[in-house]
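What follows is the residue order along each chain.
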Amino acid sequence: MTLRATYAPSQKALHWAVAALVLVLVPMALAMANWPDGAVKNALYEWHKSVGLTVLALALARLLVRAARGAPPFVAGLPAWQRRAARASHLALYVLIVLVPLLGWAGTSACCAPVMLYFTLPLTLPVSGGMPVGEAILKVHQVAAFTLVALALLHAGAALHHHLVRRDGTLRRMGWGKAG
Ligand code: HEM
Ligand code: HEM
């Protein structure tokens, strides 16, 4: 166990990059699903898939860095139930930032290939079953994505509560200011 007061700089950079990209991906997904058929809709799909795969790569990098660098000890005086809630929600967030893009990738590969990373690298997965399988997987992708959004909102709310109401050093553990 480390005695650092904050997360490593690489963990902070990856945390905020993933958060920012998820923040872009969700409105993009809502727009693309509701846009009339045509070039703009197709472009939104292509960008959604490529940015989503970027999140997957960053999420896997996060897991590796987390395994290597661990996490700083919780701020002093945090009740046991809050430690448990933090650990459980962080684990769920890690699972979802890997699972959501994987489901999107598998679903698109089954029904609506090809998957091209940023219009260049072909990355279609070998998933058979065609449209019925693809649509079923994409339905789970959608539900998992909205679960991720709900959990991330709760998580951000908890972080802001610690910062603004309890005024402890929790938010600074993931920021660049001095940890309290
Ligand atoms: C963290 C990453 C991702 C997030 C947060 C995300 C989020 C979403 C959301 C919220 C929707 C539902 C839109 C709606 O129907 O209202 C959606 C749909 C979709 N996503 Fe993702 N997505 C991610 C990654 C990916 C990836 C990597 C792919 C494919 C390579 C992908 C492919 C799709 C497709 C094809 C749909 C449309 C399904 C349909 O038309 O019904 N997504 N995504
Ligand atoms: C999609 C958005 C987000 C995801 C997926 C996410 C995910 C995570 C995960 C998995 C951790 C645990 C890190 C670890 O122990 O290795 C974490 C920590 C943290 N996140 Fe987020 N986060 C998101 C957005 C936010 C936002 C918007 C805020 C602030 C308003 C925030 C503030 C924090 C803080 C302060 C910590 C450290 C908490 C602690 O050490 O107890 N996160 N985040």
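- An unreviewed UniProt entry lists the protein chain under the name Cytochrome B561, with Methylobacterium aquaticum as the source organism.
- For the record of the protein chain, the UniProt heading Cofactor (unreviewed entry) holds the text "heme b".

Structural notes on the state of the cysteines
Here is step 1 of the chain: Scanning all chains against the criterion turns up one disulfide.
Here is step 2 of the chain: Paired by a disulfide, Cys111 and Cys112 hold their sulfur atoms 2.0 Å apart. Here the S-S torsion is close to -85°, and the disulfide linking Cys111 with Cys112 is therefore left-handed.

Brief notes about the environment of Leu121
Here is step 1 of the chain: One can find Leu121 in strand S2 (residues 121-122).
Here is step 2 of the chain: In this structure Leu121 touches Val115 and Met116, once residues within four positions along its chain are discounted.

Thresholds applied
Residues numbered from 1 in each chain as written. Chains lettered and ligands numbered in written order. Predicted model: local features only at pLDDT ≥ 70, side-chain atom pairs only at ≥ 80, totals over all residues. Heavy atoms only, no water. UniProt positions renumbered as here; feature names shortened; annotations may be inferred. Disulfide = S-S within 2.5 Å. Helix = DSSP H or I, 4+ residues; strand = E, 2+ residues; numbered from the N terminus. Contact = heavy atoms within 4.5 Å.

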